[in-house]
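Summary of the model geometry
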Amino acid sequence: MDTVCVGLHQTYSVVNTPGSTYDWTLSNGGVLTEDGTNIAFVDWGGVPGDYVVSVQETTADGCIGDIVDTTINVRSEEHTSELQSRGLISYAVFCLKKK
């Protein structure tokens, strides 16, 4: 499970296949912005909890790929900084504790 802080704007991506389109979904909240490319953006808002970011590729020939997803735990505070890549979805996390 990946972790981010509330209020962050995160970028998620998968390996691009020329000619393919990508259908992104976000469960349970946050604001997802995507335009059918291999990159999507999520504004996590202010509600902590577990969310799922998913993407499904459709090739230029109309073949529909498997759904690739990752669970994101949105926390109100995080004390660590990390840069990670998990599976096909990449993300960066940097949060500071509120005083």
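All figures in this text were calculated on a predicted structure; none of them were measured in a lab.

**As for the nonpolar core**
Tyr 12, Trp 24, Trp 44, Val 53, Ile 72 and Val 74 are the most contacted members of the largest nonpolar core, which has 15 residues in total. Among the secondary structure elements, those contributing two or more residues to this core are strand E3 (21-26), strand E5 (39-43), strand E6 (49-58) and strand E7 (64-75). Those residues within four positions of Ile 72 in sequence are excluded, and the remaining contacts are Asp 2, Val 4, Tyr 12, Trp 44, Gly 49, Asp 50, Tyr 51 and Val 53.

**Structural notes on the sheet that holds strand E4 (residues 31-34)**
Reading across the sheet, the three strands line up as E2-E5-E4 and stay open at both edges, with antiparallel pairing between neighbours. Looking at which strands have only one partner, the edges of the open sheet turn out to be strand E2 (9-13) and E4. Across this sheet, the average inter-strand angle for adjacent strands is 25°, counted without regard to direction.

**Quick word on unusual backbone geometry**
Note: most peptide bonds trans; most residues except glycine with negative phi. Of note, the phi angle at Asn 28 is positive, near 75°, even though the residue is not glycine. For Asn 28, the position within the fold is in the loop between E3 and E4. Exposure remark for Asn 28: the relative accessible area of 64% places this residue in the exposed category.

**Topic: the sheet that holds E6**
Taken in spatial order, the four strands line up as E1-E7-E6-E3 in an open sheet, and their pairing is mixed. Two strands close off the open sheet at either side, each with one partner strand: strand E1 (2-5) and E3. If you compare each strand with its neighbour and ignore which way they point, the axes differ by 30° on average. In terms of strand pairing, E6 meets E7 through nine bridges, oriented antiparallel. Bridged to Thr 58 within E7 is Ile 64.

So, how was this worked out
- Residues numbered from 1 in each chain as written.
- Predicted model: local features only at pLDDT ≥ 70, side-chain atom pairs only at ≥ 80, totals over all residues.
- Heavy atoms only, no water.
- Core = buried A, V, L, I, M, F, W, Y, C linked by side-chain atoms within 4.5 Å.
- Buried < 20%, exposed > 50% of the residue type's maximum accessible area, 1.4 Å probe, protein only.
- Helix = DSSP H or I, 4+ residues; strand = E, 2+ residues; numbered from the N terminus.
- Contact = heavy atoms within 4.5 Å.
- Pairing = 2+ DSSP bridges.
- Axes fitted to C-alpha atoms, helices over the stretch in contact; angles between N-to-C directions.

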